[in-house]
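Working through the structure, step by step
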Amino acid sequence: MFHLAAGFSHDVDPLSGMSVNLMFVDEWLWKLKKGLEKDPFISSRESLNHAFAEIMAVARLNLTQKAAELGVGLSSLTFREERGWSFAWNSSQAPEEMTFQYKHYIESVPKEGAFDLVRVAFDWERVQGCEADYQHEGFLLLKPIANKDSDALREELAKCLGHQLSSGSRVQNIEIEYLGENYKLTLP
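First, a word on scope: everything that follows refers to the structure included in this document. (Residues numbered from 1 in each chain as written. Predicted model: local features only at pLDDT ≥ 70, side-chain atom pairs only at ≥ 80, totals over all residues. Heavy atoms only, no water.)

1. Here's the deal with the overall build of the protein
A tally of helices and strands in the protein yields four helices and seven strands. Going from N to C terminus, the protein has its helices and strands arranged as β-α-α-β-β-β-β-α-α-β-β. The principal-axis extent of the C-alpha atoms belonging to the protein is close to 60 × 45 × 25 Å. Counting across all 188 residues of the protein, residues that qualify as buried make up 40%. Contacts spanning at least 24 positions in sequence make up 55% of the contacts within the protein whose residues lie at least 6 apart. Where the 19 positive side-chain charges of the protein centre and where its 28 negative ones centre are 2 Å apart. (Helix = DSSP H or I, 4+ residues; strand = E, 2+ residues; numbered from the N terminus. Buried < 20%, exposed > 50% of the residue type's maximum accessible area, 1.4 Å probe, protein only. Contact = heavy atoms within 4.5 Å. Lys, Arg positive; Asp, Glu negative; His and termini not counted. Charge placed at Lys NZ, Arg CZ, Asp CG, Glu CD.)

Here is the structure:
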């Protein structure tokens, strides 16, 4: 099961306060989701990146056409799976680029006698044709730094920003959420 969200750009109608009629958008998204659920997207490799790129291309084309009929532009499109991973596109990216987000849970070592459960989310900027398993790549980045206290973990994660794969895909952002302390930090 996935959730689908889209953003549109256009002048705001002063009477409705919206740039596009949300009833139209809800109908577009509902029909698109039903159509995508019926169409099998098959990946020739273990990595699903190629299939996700095809899904994104089909969805982006569909919504771009619908929006153009109303003189509106598509500015973003996000697919989010219930377990928390997602893939997205926005208008600042080329049509073949996407951003993948995977979340990982680790436990920081005791600091003053208290463990902390930490959720680390890596935003991977995917270049065209990259078939890397971003979830696995995130585990590889976390493995050598997992046994750190929360301050050292943050410092080591900051060094991962911009980490680039041989394909050209790279870590764009890292979000660290300290679940026990109830605060979140984003490393741009």
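Continuing now.
2. What about the environment of N182?
Here N182 shows up in the loop between β6 (170-178) and β7 (183-187). With a relative accessible area of 68%, N182 lands in the exposed category. Residues N182 and I42 lie 140 residues apart in sequence; the distance between their C-alpha atoms is 40 Å.

3. Overview of the layout of surface pockets
Computed from the structure, the largest pocket encloses a volume of approximately 240 Å³. Lining the largest pocket are 15 residues; nearest its centre among them are A88, N90, T99, D123 and Q172. Looking at the lining of the largest pocket, the elements with two or more residues in it are β2 (73-81), β3 (86-90), β4 (98-111), β5 (114-126) and β6. No other element matches β3, which puts four residues into the lining of the largest pocket. Of the residues that constitute the lining of the largest pocket, the class distribution is three nonpolar, nine polar and three charged. (1 Å grid on protein atoms, 1.4 Å probe; cavity = no way out; pocket = protein on both sides within 12 Å on 5 of 7 lines; lining within 4 Å. Points joined across faces, edges and corners; volume = space filled by probe spheres on them. Nonpolar A, V, L, I, M, F, W, Y, C, P; charged D, E, K, R; others polar.)

4. Topic: the pattern of salt bridges
Under the criterion given, the structure shown has six salt bridges. Put simply, E125 and R170 hold a salt bridge, and the shortest N to O gap is 3.0 Å. Linking E125 in strand β5 with R170 in strand β6, this pair joins segments that are 45 residues apart in sequence. On the basis of relative accessible area, E125 is assigned to the buried category, the value being 17%. Its relative accessible area of 28% is what places R170 among the partly exposed residues. K159 serves as the salt-bridge partner of E156, at 3.2 Å between the closest nitrogen and oxygen. Taking the relative accessible area as the measure of exposure, E156 reaches 22% and is therefore partly exposed. (Salt bridge = Lys/Arg side-chain N within 4 Å of Asp/Glu carboxyl O.)

5. Considering a nonpolar patch on the surface
Residues Y105, L117 and L179 make up a contiguous nonpolar surface patch of roughly 270 Å² in combined accessible area. Among the secondary structure elements, L179 is positioned in the loop between β6 and β7. (Patch = residues over 30% accessible without salt bridge, like charges linked within 9 Å, V, L, I, M, F, W, Y side chains within 5 Å. Areas by Shrake-Rupley, 256 points an atom, 1.4 Å probe, with all protein chains shown as cover.)

6. Description of the nonpolar core
Judged by nonpolar contacts, the single largest core of 45 residues is most densely connected at F79, F122 and L157. Top element by residues in this core is helix α2 (residues 49-69). It accounts for seven residues. Excluding residues that lie within four positions of it along the chain, L157 makes contacts with V120, F122, L142, I145, I174, I176 and L187. (Core = buried A, V, L, I, M, F, W, Y, C linked by side-chain atoms within 4.5 Å.)

7. A look at helix α3 (residues 134-142)
Among all positions in α3, only Y134, E137, G138, L141 and L142 are buried. Along α3, the residues classed as buried sweep out an arc of 140° about the axis, all on the same side. (Arc of directions from axis to C-beta.)

8. Some points on the packing of helix α1 (residues 22-38) against α2
For the pair α1 and α2, the least separation of the axes is 11 Å and the interaxial angle reads 150°. Taken together, the axes of α1 and α2 are roughly antiparallel relative to one another. Judged by the sense of rotation from one axis to the other, the crossing of α1 with α2 is right-handed. Touching W28, L29, L32 and L36 of α1 are I55, V58, A59, N62, L63, K66 and A67, all from α2. (Axes fitted to C-alpha atoms, helices over the stretch in contact; angles between N-to-C directions. Parallel < 35°, antiparallel > 145°, perpendicular 65-115°, else oblique. Left-handed = near helix turned anticlockwise from the far one by under 90°.)

By themselves, these figures tell us nothing about what the structure is for.
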